[in-house]
Amino acid sequence: MRGRELRGELDAFLAETEQELVAFRRDLHMHPELAFAEYRTTQKIAERLAAAGLRPSVLPRGTGVICDVGSGDGPTVALRADIDALPLQDEKDVPYHSTTAGSCHACGHDVHTSVLLGTSLFLAQQAAAGLLPGRVRLIFQPAEELPGGALEVMAQGGISGVDRIFGLHCDPRVDVGQVGLRSGPITSACDKIVVRVSGPGGHTARPHLTADLVFALAKILTELPAALSRRVDPRSSLSLVWGKVEAGSAANAIPDDGVAEGTVRCLDENAWHAAPDLIKSLLESVAGAYGVEATLDYTRGVPPVVNDEVSVEMLAEATERALGAGAVVPTQQSLGGEDFAWYLESIPGAFARLGTRSPDGLTYDIHQGTFDVDEACISMGVRVMAATALTALWEVGPLDPITSAIV
Ligand SMILES: [Zn+2]
Ligand SMILES: [Zn+2]
């Protein structure tokens, strides 16, 4: 019963609010702010939430907002949007072109922010009408692109007491009105490594009196990725690829140090956790065989976003409830990274891909200065996020007459 009413309530809400949300997005688009510098954006969000009678709380750095809607002892569901822009030049010829040189909302975070703002306003109305069976935590997260904003939110207790979390991202390869879903990993991990090798150098006429460092480094460059591919499940697609190597300065002199840098990409969460120790031990064994000293600097990026199956079912049910049958489309795991992954290391949840392409229109790509969306996606996103929060609360909440009526 509630599920059927929801669509009509969303129609009525968006008939009044959609234009404001599009204007809000365009304002953010004209004033993009980079990671951990989203002061104006934060202010705009907090002001609008407060005007709706909510009590937003700005994170201690002054960027990012957390705000609870509803109260009581019921379950808590979190909805997250990222709010930062990219250090790219806006190349679009539109009235809402970026007014800040070298900054652009080229990853659609202005859309995510507007979607979550609209969802917040709708949920505030639901709470005021006594229709929210629990609490929804709205997380306007700074600095996704750094990355690091998710860890900042978590350090501030942003997901403590939260049972389940949902988020979405613009997908310019999916038509507006559709939502891409997938259980399991949906993005990938990407880390950076730096290997430094050292050993006694000397004349190339007498390599046996040196560590023959360039030869040893070459062995590490080829044997490390090869050994790795035999030590982890091939389905995890753990791959080490070198991008930079430096050693020596003359054709007839063996140097005493060298360096190689590369990335470690991975589709699988368990393999990602095991990667640093495994690479370190393989490096030591290859370097040891050639008599050179080797050190490893391993810099973590983000883990893969791994969608929880139950949460994906909730998203699918909510999407069909809000957008109609056929709105859910399958999506593939991408090789990109997304710091929403950090939340899912602690609590269950799911990340959706929101279609932003005009049917028969151009396909843009994110992280390009030409990226733009069909703005109808904003109201679609509000429908999906609002329905998802309510569906999740109905399903994890205590069985009451409202809950049993919609099952
Ligand atoms: Zn991005
Ligand atoms: Zn993004």
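The preceding data block contains the structure.
Residues numbered from 1 in each chain as written. Chains lettered and ligands numbered in written order. Predicted model: local features only at pLDDT ≥ 70, side-chain atom pairs only at ≥ 80, totals over all residues. Heavy atoms only, no water.

## Focus on the coordination of the zinc ion (ligand 2)
For the zinc ion (ligand 2), the full set of protein donor atoms is Cys 107 (SG), His 109 (NE2) and His 169 (NE2), at a range of 2.1 to 2.4 Å. Counting along the primary sequence, the residues that act as donors to the zinc ion (ligand 2) give the motif C-x1-H-x59-H. In this model, the zinc ion (ligand 2) sits 3.1 Å from the zinc ion (ligand 1), the two metals being bridged by Cys 107. Taken together, the residues Cys 107 in the loop between strand E3 (76-82) and helix H3 (109-128) and His 169 in strand E5 (residues 164-175) connect sequence positions 62 residues apart. For the pair formed by Cys 107 and His 169, the shared burial category is buried. (Donors = N, O, S within 2.8 Å, 3.2 Å for Na, K, Ca; no water. Helix = DSSP H or I, 4+ residues; strand = E, 2+ residues; numbered from the N terminus. Buried < 20%, exposed > 50% of the residue type's maximum accessible area, 1.4 Å probe, protein only.)

## Some remarks on the coordination of the zinc ion (ligand 1)
Protein-derived ligands of the zinc ion (ligand 1) are Cys 107 (SG), Glu 145 (OE) and His 367 (NE2), with the metal-ligand distances lying across 2.0 to 2.2 Å. Counting residues between consecutive donors of the zinc ion (ligand 1) along the chain gives the motif C-x37-E-x221-H. Assessed through its relative accessible area of 21%, Glu 145 is described here as partly exposed.

## Thoughts on the sheet that holds strand E13 (residues 293-299)
Ordered by their spatial adjacency, four strands build an open sheet running E10-E12-E8-E13, and the pairing between neighbours is antiparallel. Bordering the open sheet on either side are strand E10 (239-247) and E13, each of which pairs with just one other strand. The mean angle between the axes of side-by-side strands here comes to 20°, regardless of whether they run parallel or antiparallel. With eight bridges joining them, E10 and strand E12 (residues 257-266) adopt antiparallel strand pairing. Considered in E12, the bridge of Ser 239 is made with Arg 265. (Pairing = 2+ DSSP bridges. Axes fitted to C-alpha atoms, helices over the stretch in contact; angles between N-to-C directions.)

## With respect to the environment of Glu 317
Of note, Glu 317 is situated in helix H7 (residues 309-323). Overall, Glu 317 belongs to the partly exposed group, its relative accessible area being 32%. Remark: the alpha-carbon pair of Glu 317 and Val 384, spanning 67 residues in sequence, is separated by 9.7 Å. Those residues in contact with Glu 317 that lie beyond four places of it in its chain are Thr 391 and Glu 395. (Contact = heavy atoms within 4.5 Å.)

## Details of the side chain of Asp 84
With respect to the helices and strands, the residue Asp 84 is situated in the loop between E3 and H3. Here Asp 84 is buried and forms no salt bridge, its nearest opposite-charge partner Arg 80 lying at an N-O distance of 7.1 Å. At 2.8 Å, the side chain of Asp 84 forms a polar contact with the backbone nitrogen of Glu 145. Residues contacting Asp 84, with those up to four places away along its chain left out, are Glu 33, Leu 34, Ala 35, Glu 38, His 105, His 109, Pro 142, Ala 143, Glu 144, Glu 145 and Leu 146. (Lys, Arg positive; Asp, Glu negative; His and termini not counted. Salt bridge = Lys/Arg side-chain N within 4 Å of Asp/Glu carboxyl O. Polar contact = N/O pair within 3.5 Å; in protein donor to acceptor, adjacent residues only side chain to side chain.)

## Here's the deal with the sheet that holds strand E15 (residues 328-330)
Strand order in the open sheet formed by eight strands is E1-E2-E4-E3-E5-E16-E6-E15, with mixed pairing between adjacent strands. The outermost strands of the open sheet, each flanked by one partner alone, are strand E1 (57-58) and E15. The pairing of strand E6 (residues 179-181) with E15 spans three bridges and is classified as parallel. Counterpart to Val 179 in the pairing with E15 is Val 328. Helix H9 (residues 376-396) rests against E3, strand E4 (135-141), E5, E6 and strand E16 (349-357) of the sheet, and its axis sits at about 150° to E5.

## Overview of the pairing of strand E8 (residues 189-198)
Bridge count for E8 against E12 is ten bridges, and the pairing is antiparallel. Bridging across to E12, Asp 191 finds its partner in Val 264. The pairing of E8 with E13 spans seven bridges and is classified as antiparallel. What sits directly across from Val 194, in E13, is Asp 297.

## Some remarks on the nonpolar core
In terms of nonpolar packing, the biggest core is built from 61 residues, with Leu 79 and Leu 123 touching the most fellow members. Considering every element that reaches this core, the biggest residue donor is H9, with twelve residues. Leave out the neighbours within four places in its chain, and Leu 79 touches Leu 116, Thr 119, Leu 123, Val 136, Arg 137, Leu 138, Ile 139, Phe 166, Met 385 and Ala 389. By size, the runner-up hydrophobic cluster in this structure holds 51 residues, among which are Ile 220, Leu 228, Leu 240 and Tyr 298. (Core = buried A, V, L, I, M, F, W, Y, C linked by side-chain atoms within 4.5 Å.)

## Some points on the pairing of E5
Burial within E5 is extensive, with ten of its twelve residues counted as buried. For E3 and E5, the ladder comprises four bridges, and the chain directions are parallel. Its bridge partner being in E5, Ala 78 is matched across the sheet by Ile 165. Bridge count for E5 against E16 is eight bridges, and the pairing is parallel. Of the residues in E16, the one forming a bridge with Ile 165 is Gly 349.

## With respect to the packing of aromatic side chains
The description of an aromatic ring pair rests on the distance of the ring centres and on the angle between the ring planes. Here the structure, examined in full by the defined rule, presents five aromatic pairs. Between Phe 215 and Tyr 290, the aromatic rings sit 5.9 Å apart at their centres with planes inclined by 65°, giving edge-to-face as the arrangement. Within this pair, whereas Phe 215 is found in helix H5 (residues 213-231), its partner Tyr 290 is found in the loop between helix H6 (269-289) and E13, the two being separated by 75 residues in sequence. For Tyr 290, a relative accessible area of 28% gives the class partly exposed. (Phe/Tyr/Trp six-rings, centres within 6.5 Å; stacked < 30°, edge-to-face > 60°.)

## Quick look at unusual backbone geometry
Even without being glycine, Ala 143 reaches a positive phi, approximately 50°. One can find Ala 143 in the loop between E4 and helix H4 (149-155). Even without glycine at this site, Asp 212 takes up a positive phi of about 40°. Structurally, the position occupied by Asp 212 is in the loop between strand E9 (202-203) and H5.

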